Number of protein chains: 2
Amino acid sequence: MISSIAELISDRIGTMPAGERRAAQTLIANYPLTGLKTVAEFSIAAGVSSPTILRFVARLGFQNYPEFQSALQDELAAQLQSPASRTLNPASPAGGGAVSPMLEATLDNMRETFRHLSDKQLADIAARLAERRGKTFLIGGRFTDPLARYMAAHLAIIQPDVYHLAGQESIWRDRLIDMGKRDVLVIFDIRRYQESLIRFAEKAHERGVQIVLFTDQWLSPIARFARHVIAGRTAVPSAWDSSAALFVVAETLIGAVTRQLEAAGAKRIRDLESLR
Amino acid sequence: MISSIAELISDRIGTMPAGERRAAQTLIANYPLTGLKTVAEFSIAAGVSSPTILRFVARLGFQNYPEFQSALQDELAAQLQSPASRTLNPASPAGGGAVSPMLEATLDNMRETFRHLSDKQLADIAARLAERRGKTFLIGGRFTDPLARYMAAHLAIIQPDVYHLAGQESIWRDRLIDMGKRDVLVIFDIRRYQESLIRFAEKAHERGVQIVLFTDQWLSPIARFARHVIAGRTAVPSAWDSSAALFVVAETLIGAVTRQLEAAGAKRIRDLESLR
DNA sequence: GGAGCGCTGTATCGTATGTTACGTATTTTG
DNA sequence: CAAAATACGTAACATACGATACAGCGCTCC
């Protein structure tokens, strides 16, 4: 059974020609507001012509555009009057779709991850990353290296001397000679923990490098060498572990570091502002 | 300070004549829907004439009726996009650090992103990625390329011919000659949209490549060329946009593709199982 | 490679919509 | 109580909005 227009669209979007599909996508993207505007505005937003919009609503079963708008308004009225019913994706059939459980598990993971993570802990790590005594290196494992890249991409903008260690093991192993007590090494490592990373962490630790470890709740062996450990929940109903919680922690940290540097009035940040 | 139109009305309703006051009351009664209808409908609902409605909106300071409606729509857009403001969470320590708001916003972003995303849509994309007629290419922008890498790292394990396009523009631009109708190109692009990516997407589209686009709610121009568009929420209380919602969608897709291939009994998957 | 079909945009048309002018009703004030 | 001012609705108007016809184009299927 189809109750909302959004469902109706996603049900038939497959059978639509390209132009009408663009219309459908733009409408879904910020539903239902685009549909409440005029045909001309809708068509511009979707990058198609007016008749295409009209054919689109016709395909949905509406006699004319006003009727379509009325339906959207009625839906919106029902939604606004009972904000409690703003459940996520009522389209999902309780049994079939495996999306909701996945999302629910991910959200739970994040809440749980942050429940075990104090503000002070994050602030400390942020402070460590923000104080520019030495260099910052980032590295990750097979699946988590993208997280290291993501964090590096941001940090490298707001401060100098941020390096992502990429490529072959032999390459970043040689970078060890650049590292010392004043430096910070951010490592992402979840199961299955990688031998090469562990060895690398140990060597870095011996050189006095401060290690910040992102790992899962079972803690990578690297935790032995780490100054700070962030343990994220990774279990989801999937064949793969989820790094989403660690990703959010990383984003939070990026934000915290940025804020601390702003507060410190770093020149680089002010320069950055002017570029925005 | 007056922020919403509803406030504006209740502020001036005292100085209004009887007819306009009735208009104000009917609008407030089921705000803001009555204001989105036509003048005639509004007037009937309020039991007054059309000119009275127009005088009413004029008294609120609007030049004409469409301007008034635009203002209402903007307000509604802001309201729909940040359901966070609605759920005041007494559990979170109000005084504490800047962590909770960031997390709350991220969780909201995810819920909102998936609310606009049907199971069917995800299943369609997963099916497209799972059917092994052609090759799969992944690429991202400055900050989102790590997401492309993350997805590529997983997909490359469960199926052959998965390539992440990295490095200089000239390098992946030349890969276009390998792409054709049977291939899929997954692009991550959020504001500020990168010219190079747009050009690349256009070229790929011209070659008949099926494009799956991960973007933000304002839709990258690439949406024009995309077969499938995933619009994630990115707004968080930080100097940076958040890609966390897109990350979770990516993980969900990875899971869905894996499941489909398992269901299809792909040999590669069985081989993979034995390696675990 | 050619014929047919379907999709899309341009241009045009009729109409519903917002707007305005004006006359009547109602209230206010001296 | 009278006169003026204000408020309100009816009716006519112009704009812009949605609808439609038609032609060009690309795509698919013989």
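Anything mentioned here points back to the structure above.
Quick caveat: nothing in here was measured; it's all calculated off a predicted structure.

Here is what the cut-offs are and how they apply
Residues numbered from 1 in each chain as written. Chains lettered and ligands numbered in written order. Predicted model: local features only at pLDDT ≥ 70, side-chain atom pairs only at ≥ 80, totals over all residues. Heavy atoms only, no water. Axes fitted to C-alpha atoms, helices over the stretch in contact; angles between N-to-C directions. Helix = DSSP H or I, 4+ residues; strand = E, 2+ residues; numbered from the N terminus. Parallel < 35°, antiparallel > 145°, perpendicular 65-115°, else oblique. Contact = heavy atoms within 4.5 Å. Nonpolar A, V, L, I, M, F, W, Y, C, P; charged D, E, K, R; others polar. Pairing = 2+ DSSP bridges. Near = heavy atom within 4 Å. Polar contact = N/O pair within 3.5 Å; in protein donor to acceptor, adjacent residues only side chain to side chain. Expected span 1.5 Å × (residues − 1). Buried < 20%, exposed > 50% of the residue type's maximum accessible area, 1.4 Å probe, protein only. Buried area = accessible area lost by both parts, 1.4 Å probe. Salt bridge = Lys/Arg side-chain N within 4 Å of Asp/Glu carboxyl O. Phe/Tyr/Trp six-rings, centres within 6.5 Å; stacked < 30°, edge-to-face > 60°. Lys NZ or Arg CZ within 6 Å of the ring centre and 35° of its normal.

A. Examining the packing of helix 4 (residues 39–46) of chain A against helix 5 (residues 50–59) of chain A more closely. Residues and elements named next belong to chain A. Interhelical geometry of helix 4 versus helix 5 gives an angle of 100 degrees and a closest axis separation of 8 Å. Considering their axes alone, helix 4 and helix 5 lie roughly perpendicular with respect to each other. Of the residues in helix 5, those touching helix 4 at Val39, Ala40, Phe42, Ser43 and Ala46 are Ser50, Ile53, Leu54 and Phe56. Class assignment of the residues belonging to the contact of helix 4 with helix 5 gives a composition of seven nonpolar, two polar and no charged.

B. Spatial organisation of the sheet that holds strand 5 (residues 228–232) of chain B. Residues and elements named next belong to chain B. Strand order in this open sheet of five strands is 2-1-3-4-5, and the pairing throughout is parallel. With one partner strand each, in any of the chains shown, strand 2 (162–164) and strand 5 form the two edges of the open sheet. Strand-to-strand twist of the sheet, defined as the mean angle between neighbouring strand axes without regard to direction, takes the value 15 degrees. Strand direction decides the pairing type here: strand 1 (residues 136–140) and strand 2, joined by three bridges, are parallel. Bridge pairing in strand 2 places leucine 138 opposite histidine 164.

C. Geometry of the protein's contact with DNA strand D. Taken together, the neighbourhood of DNA strand D is formed by 16 residues, with Val39, Leu54 and Asn64 of chain A together with Gly19 and Thr52 of chain B sitting nearest. With respect to DNA strand D, the side chain of threonine 52 of chain B contributes an N or O atom lying 2.7 Å from a phosphate oxygen. For DNA strand D, a base nitrogen lies 3.3 Å from a polar atom in the side chain of arginine 55 of chain B. Secondary structure elements with two or more residues in the surface near DNA strand D: helix 4, helix 5 and helix 6 (65–81) of chain A together with helix 2 (18–29) and helix 5 (50–59) of chain B. Taken together, the residues that form the surface near DNA strand D break down as ten nonpolar, five polar and one charged.

D. Looking closely at helix 12 (residues 244–263) of chain A. Over its 20 residues, helix 12 of chain A runs 29 Å from end to end, which matches the ideal 28 Å to within 8%, given 1.5 Å per residue. Burial analysis of helix 12 of chain A places 16 of its 20 residues in the buried class, the great majority of the element.

E. The arrangement of the protein's contact with DNA strand C in detail. The environment of DNA strand C is formed by 17 residues, the closest being Gly19 and Thr52 of chain A together with Val39, Asn64 and Tyr65 of chain B. When the atoms of DNA strand C within 4 Å of the protein are grouped by moiety, sugar and phosphate amount to 61% of the total. Glycine 19 of chain A places a main-chain nitrogen or oxygen 2.4 Å from a phosphate oxygen of DNA strand C. At 3.1 Å from a phosphate oxygen of DNA strand C is found a side-chain nitrogen or oxygen belonging to serine 49 of chain A. For the surface near DNA strand C, the secondary structure elements donating two or more residues are helix 2 (18–29) and helix 5 of chain A together with helix 4 (39–46), helix 5 and helix 6 (65–81) of chain B.

F. Looking closely at the environment of isoleucine 211 of chain A. With respect to the element layout, isoleucine 211 of chain A can be found in strand 4 (residues 210–216). Residues isoleucine 211 of chain A and leucine 185 of chain A, 26 residues apart in the sequence, show an inter-C-alpha distance of 4.8 Å.

G. Just the sheet that holds strand 2 (residues 162–164) of chain A, in detail. All names here are of chain A. As summarised here, the arrangement of the five strands in space is 2-1-3-4-5, forming an open sheet in which the pairing is parallel. Strand pairing shows two members of the sheet lacking a second neighbour, strand 2 and strand 5 (228–232), which therefore form its edges. For this sheet, the mean inter-axis angle between neighbouring strands, taken without regard to orientation, is 15 degrees. Strand direction decides the pairing type here: strand 3 (residues 184–189) and strand 4, joined by six bridges, are parallel. Paired with valine 186 across the strands is valine 212, a residue of strand 4.

H. Structural context of the interface of chain B and chain A. With 70 residues of chain B at the interface, the matching set in chain A holds 67 residues. Carbon and sulfur atoms supply 62% of the area buried between chain B and chain A, which totals about 6300 Å² over both sides. If you sort the residues of chain B by the area they bury against chain A, Arg115, Asp119 and Trp240 of chain B come out on top, with a joint share of 11%. Taken together, the connections running from chain B to chain A amount to zero salt bridges. Applying the counting criterion to the chain B and chain A interface returns 16 residue pairs in polar contact (both at pLDDT 80 or more). Among the secondary structure elements, those contributing two or more residues to the side of chain B that touches chain A are helix 3 (33–36), helix 6, helix 7 (99–115), helix 8 (119–130), helix 9 (145–158), strand 5 and helix 12 (244–263) of chain B. Taken together, the residues of the side of chain B that touches chain A break down into 35 nonpolar, 18 polar and 17 charged.

I. Focus on the packing of aromatic side chains. Throughout the structure, instances matching the rule amount to 17 aromatic pairs over all chains. With a centroid separation of 6.3 Å and 85 degrees between ring planes, the pair formed by phenylalanine 42 of chain B and phenylalanine 56 of chain B is classed as edge-to-face. Separated by 14 residues along the polypeptide, phenylalanine 42 of chain B in helix 4 and phenylalanine 56 of chain B in helix 5 bring together distant segments of the chain. As far as burial versus exposure is concerned, phenylalanine 42 of chain B and phenylalanine 56 of chain B are alike and both buried. Geometrically, the ring pair formed by phenylalanine 143 of chain B and tryptophan 240 of chain B is edge-to-face, given 5.7 Å between the ring centres and 75 degrees between the ring planes. Here tryptophan 240 of chain B lies in the loop between strand 5 and helix 12 and phenylalanine 143 of chain B lies in the loop between strand 1 and helix 9, a separation of 97 residues in the sequence. Per residue, the accessibility class of phenylalanine 143 of chain B equals that of tryptophan 240 of chain B, and both read buried. Here the guanidinium or amino end of arginine 191 of chain A rests over the ring plane of tryptophan 218 of chain A, the centre of that ring lying 4.0 Å away.

Function-wise, these values are silent; they only describe arrangement.
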